[in-house]
Amino acid sequence: MPLYETHVGMECHAELLTESKMFCGCRNEFGGEPNTRTCPVCLGLPGSLPVFNKKAIEHVVRTALALNCTISLHSVFHRKNYFYPDLPKGYQISQYGNTPIGVNGWLEIEKPDGTTKKIHITRVHLEEDTGKLIHSDGAGYSVVDYNRSSVPLMEIVTAFPPDIESAEEARLYAETLRSILIYLGVSDGKMEQGSLRAEPNPSVRPVGSDTFGTKTELKNLNSFRSVQRGIEYEAQRQIEVIESGGRVTQETRGWDDEKGISFSQRSKEVEQEYRYFPEPDLIPLEFDPEWLESLRAELPELPNAKKRRLMEQYGLPATDAAQLVLERETADYFEQAARGVKDTKAVANWMLGDLARLANASGLAIHAAPIPPAALAEMVGLIESGAMTGKIAKTVIEEMFATGKSAPQVVQEKGLTVSGADEVAGIVAKVVAANPDVVAKIKAGNDKSIGFLVGQVMKESKGRAKPDDVNRLLREEMDKL
Amino acid sequence: MALTREEVRGVATLARLDLKDNETDRLTHHLNDLLAQFARLQELNTEDVPPTAHAVPVAAALREDVARPSLPREAVMANGPQVDRELGGFIVPQVIGE
Ligand SMILES: [Zn+2]
């Protein structure tokens, strides 16, 4: 059997964070009773006309700029005609052809081995979302809810030939894109609610072949994990079809996450059957280059740039920086906590270690934890100044998290102040006297055994002894013998 | 570039129309007549004409992103030929496979 390689094109849809829908004033929100957010425009009633939502256009332009796209100064909208009843007009307003808002961009993914890869993007366009069909078993019919009809939807499509060459790269692409959209504030990125949807188009071909295989389109992937699993499964299925002498059919396949399989979905229109034509109810958008430049200037620092800056400015390792920039608020929390602290790496360690664990257990994000950045900074400061040991800090941070008290307060109330050298010396003498055999070993040259004595002293002092003191005093005590 | 009966059947499937053989014949004939009419447009020389999306040279109107009250559900449902009041939605034929 020849070796196969996988290529994946990605189509991603993001519902835009706006107050109102794309072409009418109905509220844009998730959930709610069916058909309670509709009006003549989003119901497609005769005589109603669509009017562009300025914010939605701004969101798409900002995304296109952040993805290094060229903006079409003249951008046209089209009707995509089809028969499925999820839109009441009988067509979807979308953008077809070569004047979507953004063209020819790219984003960069970082692989687990630290290397980066540019994924090219062919278009970023604006369209409207569809209503939802509710299938009730046994009723013999379906019911349509038009609350989502005409919610502003952005589509981002990767370039052909595809840069993505594995299921893992596809997942990384989706994760990177999501984080950019969240930084821009254009999408909430909730895949489980379907406000961000990733539709991969995997295809396989024998290594060495110069034509791409037939691709299938995968739907219903509502987590990053299912994006990767779905593609892995689908690539394997395609290989098996080819190996058994069959041909891959170009089709839309749904992903069943529970069973871990893909299945053939309804037959859909092919491109010509959509009968695209310019939307006569909307005049094309004309963009003023000056306005575009002002939007470009106001773009926030994006995750990749922020990560590089955190590494440079605070001396953080790449893995820590990558975790901190996953959410903008987490990175902000870090920068606030790192203010005035010398050991900024320690701040990151406490955040990604104990604080993340505590926050996670309470279902909170790090930045929403009941320990404000300044309080974490104060705690790290206590360790830096030698007023508290790292060991004690582990107890202290738990107490801070549970009670919202400051580190000095916890140390005071729980009697966790660092033991004085006198106190430690007393414990050291006791431990040395109680372990003559270990001491003998050390004296005979087995230096490793000193670790045992250090452990005993730390235990006796309940972690309040400074490791430096313990080591120094142990040596002194044994030298006396 | 005449449509074949197969293509007409394909479109009918998408439209969820169950065509009888004589209907398929008749519609293939009609659709080809229509396409022939439109094909005459191809005779025009449009080499130097930029694609025109709209005939009026005005800028598109934009509206501020402000939510306004929607229609009451009862009023919306009154327009439906068939509605399921319990689920609060319009009834459409069941499409298997989605
Ligand atoms: Zn509406």
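Cut-offs and rules
- Counting restarts for each chain: residues are numbered from 1 in the order of the written sequence.
- A letter from A marks each chain and a number from 1 marks each ligand, given out in the order of writing.
- Reporting in this predicted model follows two pLDDT cut-offs: at least 70 for local features of residues, and 80 or more for side-chain atom pairs to be given and counted; totals over whole chains, interfaces and linings ignore these cut-offs and use all residues.
- Note that water and hydrogens are dropped before the side-chain values are worked out from all heavy atoms of the structure.
- The salt bridge criterion pairs a side-chain nitrogen of Lys or Arg with a carboxyl oxygen of Asp or Glu, the two atoms within 4 Å.
- Exposure classes here rest on a 1.4 Å probe applied to the protein chains alone. A residue is buried below 20% of its type maximum, exposed above 50%, and partly exposed in between.
- Residues belong to a common nonpolar core when they are buried Ala, Val, Leu, Ile, Met, Phe, Trp, Tyr or Cys residues joined through side-chain atoms within 4.5 Å.
- Secondary structure elements are taken from DSSP: a helix is a run of H or I of four residues or more, a strand is a run of E of two residues or more, and numbering for both begins at the N terminus.
- Either an automatic procedure or a domain database provided the assignment from which the domain bounds are taken.
- A contact between two residues is defined here by any heavy atoms of the two lying within 4.5 Å.
- Using protein atoms alone on a 1 Å grid, points that fit a 1.4 Å probe yet trap it form a cavity, whereas open point sets bounded by protein on both sides within 12 Å along at least five of seven lines form a pocket; residues with an atom within 4 Å of a point count as lining.
- Grid points are joined across faces, edges and corners, and a volume is the space filled by probe spheres set on the points.
- Note on residue classes: Ala, Val, Leu, Ile, Met, Phe, Trp, Tyr, Cys and Pro are nonpolar, Asp, Glu, Lys and Arg are charged, and everything else, Gly too, is polar.
- As a working definition, buried area equals the accessible area (1.4 Å probe) given up by two parts on being put together, with both sides summed.
- Contacts described as polar in this section are N or O atom pairs within 3.5 Å, which, within protein, must combine one atom able to donate a hydrogen with one able to accept it, while residues neighboring in sequence count only if both atoms come from side chains.
- Strand pairing follows a simple DSSP-based rule, namely that at least 2 bridges must link the two strands.
- Orientation is described by lines fitted to C-alpha atoms, with helices fitted over the stretch in contact, and by angles between N-to-C directions that extend from 0 to 180 degrees.
- Within 6.5 Å between ring centres, the rings of Phe, Tyr and Trp (the latter by its six-membered ring) count as paired, and their orientation is classed by plane angle as stacked under 30 degrees, edge-to-face over 60, tilted in between.
- Definition used: whenever NZ (Lys) or CZ (Arg) falls within 6 Å of the ring centre and also within 35 degrees of the ring normal, the charge is taken to sit over that ring.

Visitor: I would appreciate a short explanation of the pattern of salt bridges in the present structure.
Guide: Residues and elements named next belong to chain A. Counted by the stated rule, this structure contains 39 salt bridges over all chains. Put simply, lysine 259 and aspartate 256 hold a salt bridge, and the shortest N to O gap is 3.7 Å. Assessed through its relative accessible area of 22%, aspartate 256 is described here as partly exposed. Here lysine 405 ties to glutamate 413 by a salt bridge, and the two come within 2.9 Å at their closest N and O atoms. Within this structure, Glu15, Asp129, Arg148 and Arg197 form a network of salt bridges that share partners.

Visitor: Can you help me understand the nonpolar core in this one?
Guide: Proteins that are soluble and globular tend to have nonpolar side chains buried together. Residues and elements named next belong to chain A. Membership of the largest hydrophobic core comes to 105 residues, with the highest contact counts inside it found for Met10, Tyr173, Phe334, Leu355 and Leu376. Here the element with the most residues in this core is helix α2 (residues 167-184); it accounts for 10 residues. For this core, the two domains that each supply at least three residues are domain 1 (4-293) and domain 2 (303-414). Not counting residues within four places of it along the chain, the set of residues in contact with tyrosine 173 comprises Met10, Cys12, Leu107, Ile109, Ile119, Ile121, Ile156, Thr158 and Ile164. Judged by nonpolar contacts, the second largest core, of 18 residues, contains Val424, Ile427, Val428 and Leu453.

Visitor: How do you make sense of the layout of surface pockets when you look at a structure like this?
Guide: Empty space among the atoms becomes apparent when a probe as large as a water molecule is rolled across them. Residue and element names in this part refer to chain A. When its volume is computed, the second largest pocket comes out at roughly 890 Å³. In terms of lining residues, the second largest pocket is bounded by 33 residues, among which Glu110, Thr176, Asn304, Lys307 and Ala322 are the most central. Examining the composition of the lining of the second largest pocket, we find that 8 residues originate from one element, α2, more than from any other. Across the lining of the second largest pocket, the residue classes tally to 15 nonpolar, 7 polar and 11 charged. Per-domain counts for the lining of the second largest pocket show at least three residues from each of domain 1 (4-293) and domain 2 (303-414).

Visitor: Is there a simple way to think about the interface of chain A and chain B in this case?
Guide: The interface is formed by 51 residues belonging to chain A together with 35 residues belonging to chain B. Considering only the surface of chain A that becomes buried against chain B, A:Phe83, A:Tyr141 and A:Ile283 emerge as the three largest contributors, covering 15% of it. Taken together, the connections running from chain A to chain B amount to 2 salt bridges. Between B:Glu64 and A:Lys54 there is a salt bridge, with the nearest N and O atoms lying 3.2 Å from each other. The interface formed by chain A and chain B includes 19 residue pairs in polar contact (both at pLDDT 80 or more). Elements supplying a minimum of two residues to the side of chain A that touches chain B: β2 (52-53), α1 (54-66), β9 (132-135) and β10 (141-145) of chain A.

Visitor: Sorry, what's going on with the sheet that holds strand β15 (residues 261-264) of chain A here?
Guide: Note on sheets: strands pair through backbone hydrogen bonds, and any given pair is parallel or antiparallel. Residue and element names in this part refer to chain A. Taking strand neighbours across the sheet as the criterion, the 3 strands line up as β13-β14-β15 in an open arrangement whose pairing is mixed. Here the strands that pair on one side only, and so sit at the sheet edges, are β13 (217-219) and β15. Within the sheet, the average angular offset between the axes of one strand and its neighbour, ignoring direction, is 35 degrees. Here 3 bridges tie β13 to strand β14 (residues 252-256), and the two strands are oriented parallel to one another. Paired with lysine 219 across the strands is glycine 254, a residue of β14. On the sheet, helix α3 (residues 224-243) packs against β13, β14 and β15 and is oriented at approximately 125 degrees with respect to β14.

Visitor: What am I meant to see in the packing of aromatic side chains here?
Guide: For any pair of aromatic rings, the description consists of the separation of the ring centres together with the inter-plane angle of the planes. All names here are of chain A. One pass over the structure, following the stated rule, counts 10 aromatic pairs over all chains. Here a set of aromatic residues connected by ring pairs shows up, and it is made of Tyr82, Tyr96, Tyr274 and Tyr276. The ring of tryptophan 106 carries the charged tip of lysine 118 above its face, separated from the ring centre by 4.2 Å.

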